[in-house]
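Spelled out from the first residue to the last, the chains are:
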Amino acid sequence: MSLVAFDFDGTLSDSEMTVLLAERAGVADEVAEITERAMNDEISYAESLYSRAELLGGLDEDAAAAAFDAVRIRPGAARLIARLRADGHHVAVLTGGFERGVERALEREGVEVDTILANRLPIADGRLTGEAEGPLIEGTKDDALEGLAAELGVPMASTVAVGDGANDLPMLEVAGLSVGFVPKPAVRPACDAVVASMYRLGKVLEAHGVLSSAE
């Protein structure tokens, strides 16, 4: 069994949850600028997430729910996840994005993963509080990947990480196989392979013996 860990925003999904939320809060430009700076490793992920959450403070709960409902996974992602699980692998989503959006997007495509580690935007009195909480704000994805691998009894050599941004670098650097999904320039040197579609990702996993050949 391999442990296959995906980033979500920008990797499994081409939606950016904070941007979808920001559009409804009227702060899209400000949030997009902060997101880009974080993805290029100009500011820490924690700093960026707290700043974006603060900008989203006061957004109505129904508007937030509509934003999460708009999250989509990439074409071919559901089939690839299903193939990985059918081959006996443990599929995890490790994301600084938000649990609710990940769950909605997977449910829409009728696919499940084994583990979701994601953050949350607390709600009080029917509105986002402007705060953020969860395991992957201050915590890093290398610790998350190593902890999950230890829990499952999977050696790190049998782990796969797929990501695109600077906050994915820690897990890409420790995984047995690291794949960049249209990675940012700062991320590319840490990748064993680079892909731009779920189809190509499947081919890379087949070539490395992780995934059985498609019918």
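Everything here concerns the structure above.
Residues numbered from 1 in each chain as written. Predicted model: local features only at pLDDT ≥ 70, side-chain atom pairs only at ≥ 80, totals over all residues. Heavy atoms only, no water.

### Re the pairing of strand β3 (residues 115-119)
Relative to β3, strand β2 (residues 90-98) is paired through four bridges, and the arrangement is parallel. Bridge assignment links V93 to a residue of β3, and that residue is I116. As a crossover connection, the stretch from β2 through helix α6 (residues 99-109) into β3 is right-handed. (Pairing = 2+ DSSP bridges. Helix = DSSP H or I, 4+ residues; strand = E, 2+ residues; numbered from the N terminus. Right-handed = clockwise from strand over helix to strand, strands pointing away.)

### Section: the sheet that holds strand β6 (residues 159-163)
Strands sit in the order β3-β2-β1-β6-β7-β8 across an open sheet of six strands; the sheet is parallel. Because the sheet does not close on itself, it has two edges, and the strands there are β3 and β8 (193-195). When strand polarity is set aside, the average angle formed by the axes of neighbouring strands in this sheet is 20°. By the bridge criterion, four bridges tie strand β1 (residues 3-6) to β2 in an arrangement that is parallel. Its bridge partner lying in β2, V4 is registered against V91. (Axes fitted to C-alpha atoms, helices over the stretch in contact; angles between N-to-C directions.)

### What to know about the pattern of salt bridges
Taken as a whole, this structure holds nine salt bridges when the rule is applied. D7 serves as the salt-bridge partner of K141, at 3.0 Å between the closest nitrogen and oxygen. Taken as a pair, K141 in helix α7 (residues 141-152) and D7 in the loop between β1 and α1 (17-25) lie far apart in primary sequence, 134 residues in all. By the burial criterion, K141 is buried, and D7 matches it. Residue K203 pairs with E206 through a salt bridge whose shortest N-O separation is 3.6 Å. Of this pair, K203 and E206 both sit in helix α9 (residues 198-207), three residues apart, which is roughly one turn of that helix. (Salt bridge = Lys/Arg side-chain N within 4 Å of Asp/Glu carboxyl O. Buried < 20%, exposed > 50% of the residue type's maximum accessible area, 1.4 Å probe, protein only.)

### Considerations on the layout of surface pockets
Empty space within the largest pocket amounts to approximately 240 Å³. Forming the boundary of the largest pocket are 16 residues, of which Y45, A46, I137, T140 and N167 lie nearest the centre. Put simply, the second largest pocket is a space of about 150 Å³. Lining the second largest pocket, in full, are G10, E16, V19, A32, T35, E36, M39, R74, D164, F181, V182 and K184. When residues of the lining of the second largest pocket are assigned to their parent elements, the largest contribution, four residues, is made by helix α2 (residues 28-39). Its residues assigned to classes, the lining of the second largest pocket comprises five nonpolar, two polar and five charged. (1 Å grid on protein atoms, 1.4 Å probe; cavity = no way out; pocket = protein on both sides within 12 Å on 5 of 7 lines; lining within 4 Å. Points joined across faces, edges and corners; volume = space filled by probe spheres on them. Nonpolar A, V, L, I, M, F, W, Y, C, P; charged D, E, K, R; others polar.)

### Quick word on the environment of N40
Residue placement: N40 occurs in the loop between α2 and α3 (45-56). N40 sits in the partly exposed class, given a relative accessible area of 26%. Separated by 27 residues in the primary sequence, N40 and A67 have C-alpha atoms spaced 25 Å apart. With sequence-adjacent residues up to four places away left out, N40 is seen in contact with K184 and P185. (Contact = heavy atoms within 4.5 Å.)

Just distances and angles here, no functional claims.
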